[in-house]
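This is what each chain is made of:
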Amino acid sequence: MLTVATLLAALLTPGRAHAAEPHIGIQVRDGRLVEANGSDLVLRGVNHDFMWYPDHNSSFAAIKAAGANAVRVTLGIGHQFRRAPAREVATVVELCQRNRLICIFDAHDTAGFGQDKKAAPMSEAVQFWLSLRDTLAGHEDNVLVNIADEPFANGTTWPWVQQTSDAIRRLRAAGFKHTLLVDGPGWGQDESFIMRDNAERVLAADPTGNTAFDIHMYGMFDTAPKVSGYLTSFTERHLPILIGEFSSQHQWGKPDEDAIMATAQAQHLGYLGWSWSGNDKQFSYLDLVNNFDRNSRTAWGRRFINGPNGLDSDTREATVFRNTVAAAGVDPKSRAPRGLTVTDVTPTSVRLTWQRRPDRIGGTTYLVVAVNGAAETRVVTTNRAEVTLKGLKGSTEYTYAVYARSLLGKRSPRSAMVAAVTPPAR
């Protein structure tokens, strides 16, 4: 017979109270991000400077077309930068859903607190999120909340552990069920290893256990051993981590972007490059595309998107956006076609090529689709790894993707998308 004391003990035992209520969206399981259905979620994408460019909403489709499955969106909270109103945040959520992107919202005013006199304390970021509780509720399967961007400057005495833990508790007490991301101090690079050495304490502050860690890799991470050593310190302890920002150049030193991407690939970790476009002129080397033009990639953009371990190499769309095609016979265990490329663009035609999937019995065919937001239109089926699409209109943008289909009719997940803009007809 259970006594009152026994019941209370069961309810208050760590791990039991939240275990009885299954998480309804993205969650942390055994040190990794997974979706509600248990599918592994490796977030690969870019940062978008929405805070400065709230009208560049075509960037979401362009980011998806580059191969991303996620976008980290900077938001101002009204302390240092323009406050993002709830209606604007709701619009971004809808844009992410329409373009099949996991959305990571980041409160940006906190960067470098303690050194930058304009920076906001983490407590103000929490108040900002509390004001958006109703806007974000119900989007736990496609939105993550990055509590505070780079919340402290360099140094060893910042109260990062206490304030981060308090922030997590306040958001959970207010009813937030989203997976939370927390940045390291030291301008996000954790130069004194405060986050690394105290990660378990912060994770323990979350009664749901659904908090992940976000490291920014710039000049401090200039060699492969530094990159691997830091990330491995988390993965060996089964602590969830992703690389929320990095670049190939930086004013604080030259990051080893090859090591960052290779290590992330080897350890199946997420990464998000900084940033899509719009950096100040002196920092234009951080832009992935010139002037928000998806067809004008910078050197950094070409490296990040198309290079070894790049965005278009092995990024998988979240299954929450594939539910509509699952019933049509999608085999989530198969690989999407890779290397989709558009060439030979004329006013009325484009040529698509991709890597042929190994097939011992010769039964693989490929389905080419035109993509418009979340909608797809079947274009053609072929048994070759190339096709020329004709009958197009001049001065028009087209977006395409490819599925592989087995002899039994099972589809692979969708490939990364490619975009083509036809020139004007003569």
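Residues numbered from 1 in each chain as written. Predicted model: local features only at pLDDT ≥ 70, side-chain atom pairs only at ≥ 80, totals over all residues. Heavy atoms only, no water.

Trainee: Would you mind showing me how to read the overall build of the protein chain here?
Mentor: If you tally the helices and strands in the protein chain, you get 12 helices and 17 strands. Burial analysis of the protein chain (426 residues in total) assigns 52% to the buried set. When the accessible surface of the protein chain is summed, it comes to about 18600 Å², and 52% of that surface belongs to carbon and sulfur atoms. (Helix = DSSP H or I, 4+ residues; strand = E, 2+ residues; numbered from the N terminus. Buried < 20%, exposed > 50% of the residue type's maximum accessible area, 1.4 Å probe, protein only. Areas by Shrake-Rupley, 256 points an atom, 1.4 Å probe, with all protein chains shown as cover.)

Trainee: Quick question: what am I supposed to make of the sheet that holds strand 15 (residues 386–390) here?
Mentor: Strand pairing within a sheet occurs via backbone hydrogen bonds; the two strands may be parallel or antiparallel. Strand order in this open sheet of three strands is 11-12-15, and the pairing throughout is antiparallel. The open sheet is flanked by strand 11 (341–343) and strand 15, the only strands paired with a single partner. With strand direction ignored, the average angle separating the axes of adjacent strands in the sheet is 25°. Judged from the three bridges that link them, strand 11 and strand 12 (residues 349–353) form a sheet pairing that is antiparallel. The residue bridging T343 from the neighbouring strand is R351, located in strand 12. (Pairing = 2+ DSSP bridges. Axes fitted to C-alpha atoms, helices over the stretch in contact; angles between N-to-C directions.)

Trainee: Just to check I follow, could you spell out the packing of helix 7 (residues 160–173) against helix 8 (residues 194–204) for this structure?
Mentor: For any two helices packed against each other, one specifies the inter-axial angle together with the distance between the axes. Direction vectors running N to C along helix 7 and helix 8 enclose 40°, while the axes themselves pass 10 Å from each other. Here helix 7 is positioned oblique relative to helix 8, judged by the angle of their axes. Note that helix 7 runs across helix 8; the crossing there is right-handed. The residues of helix 8 that touch helix 7, namely those facing W160, V161, T164, S165 and I168, are I194, M195, N198, R201 and V202. Of the residues in the contact of helix 7 with helix 8, the class split is six nonpolar, three polar and one charged. (Parallel < 35°, antiparallel > 145°, perpendicular 65-115°, else oblique. Left-handed = near helix turned anticlockwise from the far one by under 90°. Contact = heavy atoms within 4.5 Å. Nonpolar A, V, L, I, M, F, W, Y, C, P; charged D, E, K, R; others polar.)

Trainee: Explanation requested: the nonpolar core in the structure shown.
Mentor: Nonpolar side chains tend to gather and get buried jointly when the protein is soluble and globular. Counting 74 residues, the largest nonpolar core has F105, W129, L136, I147, F213, W276 and F304 as the members making the most contacts within it. Sequence-distant contacts of F105, that is, excluding residues within four places in its chain, are made with V73, L75, V89, V92, V93, W129, L136, V143, L144, V145 and N146. Core analysis: the next-biggest nonpolar cluster, separate from the first, contains 16 residues, L340, V387, Y400 and V418 among them. (Core = buried A, V, L, I, M, F, W, Y, C linked by side-chain atoms within 4.5 Å.)

Trainee: Whenever I open this one, unusual backbone geometry confuses me. Can you help?
Mentor: Comment: phi is negative for the bulk of residues other than glycine, and the bulk of peptide bonds are trans. Of the consecutive residues W274 and S275, the connecting peptide bond is found in the cis state with omega at -15°. One can find S275 in the loop between strand 10 (271–273) and helix 11 (299–306). Its identity as a non-glycine residue notwithstanding, H268 has a phi of 55°, on the positive side. Position of H268 among the secondary structure elements: in the loop between helix 10 (257–267) and strand 10. Look at D344: it is not a glycine, yet its phi comes out positive at around 50°. Locating D344 in the fold gives a position in the loop between strand 11 and strand 12.

Trainee: I would appreciate a short explanation of helix 8 in the present structure.
Mentor: Residues that lie three or four places apart on an α-helix share one face, since the helix turns once every 3.6 residues. Taken together, the buried positions of helix 8 are I194, M195, N198, A199, V202 and L203. Looking straight down helix 8, one finds that the buried residues subtend no more than 165° of arc, so they occupy a single side. Structural note: helix 8 exposes R201 and A204 on the side pointing more than 90 degrees away from its buried face. The secondary structure elements touched by the buried residues of helix 8 are helix 7, strand 7 (180–183), strand 8 (211–217) and helix 9 (224–235). (Arc of directions from axis to C-beta.)

Trainee: What am I meant to see in the pattern of salt bridges here?
Mentor: Where charged atoms of side chains with opposite charge meet at close range, the side chains can pair. Applying the stated criterion across every chain, the model contains 22 salt bridges. Measuring nitrogen to oxygen at the nearest pair gives 3.4 Å for the salt bridge that ties E317 to R414. Taken together, the residues E317 in the loop between helix 11 and helix 12 (323–326) and R414 in the loop between strand 16 (397–405) and strand 17 (418–421) connect sequence positions 97 residues apart. The same class applies to E317 as to R414, namely buried. What emerges from the salt-bridge pattern is a single network uniting R72, D106, D149, D183, D214 and E245. (Salt bridge = Lys/Arg side-chain N within 4 Å of Asp/Glu carboxyl O.)

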